[in-house]
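Structure assessment
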Amino acid sequence: PTFVFEGVNGNIEDLEKIAATNENPLVRTLALPRADHFTPLAPINRVLADRVLQHRDGPFEVDLEGLAAAYADGWNARREERDLALIAELRGRGTPWSEPHTFTFTLRGWRDENARNAAERLSELGFSLEPLREEPDADGDPSLRVTATRTIPFEVEAILAAARQVAETAEDARVDDEGWTARR
């Protein structure tokens, strides 16, 4: 069998062409949400390597839905690692649990439409938004900054849930998630 994987933010047009013209039942394709051409490599390779090691007899099969779930888990784990490090840093500075804090999430887009789509989606999710701001990125290139806030208790699950909404919105809108800050 041949498996072709591609992120929807990668060379997805090529994968769609393969899927549309393929007549070989041994060739299967999988489009991965919130992925580009490179991000699926490590999480997918781990799952495939485990599958190869476990394979004994019969045809080699791969559960494409399981691969997609493994990629999504890996994507979320990387984001949660960043968020948990920030939570630990704030706790180390004495931030008390459970008290309401205002979390400020920052996104950056280089295409007006993408930044506006991200802002609209965050508004629909209940985040308060500052007006989009034009500002140069680190290289001096023009970009739009999206700043969204939400007041939530300083609790791990609440923080991770809000950060996940922002990160998913950023990926889907094709803008960068630049992280968050919190204040009482």
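Residues numbered from 1 in each chain as written. Predicted model: local features only at pLDDT ≥ 70, side-chain atom pairs only at ≥ 80, totals over all residues. Heavy atoms only, no water.

So, on to the confidence of the model for the chain. In this model, the chain carries a mean pLDDT of 94, and residues with pLDDT of at least 70 account for 100%. Across the chain, strand 4 (residues 128–129) holds the top mean pLDDT of 98, while helix 2 (residues 41–54) sits lowest at 90. (pLDDT = per-residue confidence, 0-100. Helix = DSSP H or I, 4+ residues; strand = E, 2+ residues; numbered from the N terminus.)

Summed over all chains, the structure comprises five aromatic pairs. Geometrically, the ring pair formed by F3 and F5 is stacked, given 6.4 Å between the ring centres and 5 degrees between the ring planes. Note on F3: relative accessible area 18%, which makes it buried. Judged by centre distance (5.3 Å) and plane angle (35 degrees), the ring pair of W97 and F154 falls under tilted. (Phe/Tyr/Trp six-rings, centres within 6.5 Å; stacked < 30°, edge-to-face > 60°. Buried < 20%, exposed > 50% of the residue type's maximum accessible area, 1.4 Å probe, protein only.)

Time to look at the nonpolar core. One finds F103, F105, L107, L122, F127, I159 and W180 to be the most contacted residues of the largest nonpolar core, which totals 23 residues. Listing elements by their share of this core, those giving two or more residues are helix 3 (64–92), strand 3 (100–109), helix 4 (112–124), strand 6 (142–153) and helix 5 (156–173). For this core, the element with the highest residue contribution is helix 5, accounting for six residues. Among all residues touching F103, those that are not within four sequence positions of it are A148, T149, R150, I152, P153, F154, I159, W180, T181 and A182. Ranked by size, the runner-up nonpolar core spans 12 residues in total, among them I44, V62, L64 and A167. (Core = buried A, V, L, I, M, F, W, Y, C linked by side-chain atoms within 4.5 Å. Contact = heavy atoms within 4.5 Å.)

Two elements in contact, helix 4 and helix 5, have axes separated by 9 Å at closest approach and are oriented at 150 degrees. Put simply, helix 4 runs roughly antiparallel to helix 5. Judged by the sense of rotation from one axis to the other, the crossing of helix 4 with helix 5 is right-handed. Between helix 4, through N114, N117, A118, R121 and L122, and helix 5, the contact on the second element is made entirely by V166, T169 and A173. (Axes fitted to C-alpha atoms, helices over the stretch in contact; angles between N-to-C directions. Parallel < 35°, antiparallel > 145°, perpendicular 65-115°, else oblique. Left-handed = near helix turned anticlockwise from the far one by under 90°.)

Below, the discussion takes up the packing of helix 3 against helix 5. Look at helix 3 against helix 5: their axes get within 10 Å of each other, and the N-to-C directions meet at 130 degrees. Between helix 3 and helix 5, the interaxial angle falls into the category oblique. Two packed elements cross with a definite hand, and for helix 3 against helix 5 that hand is right-handed. Listed contacts from helix 5 to W75, N76, R79, E80, D83, L84 and I87 of helix 3 are V156, I159, L160, A163, R164, A167, E168 and E171. The residue makeup of the contact of helix 3 with helix 5, split by class, is eight nonpolar, one polar and six charged. (Nonpolar A, V, L, I, M, F, W, Y, C, P; charged D, E, K, R; others polar.)

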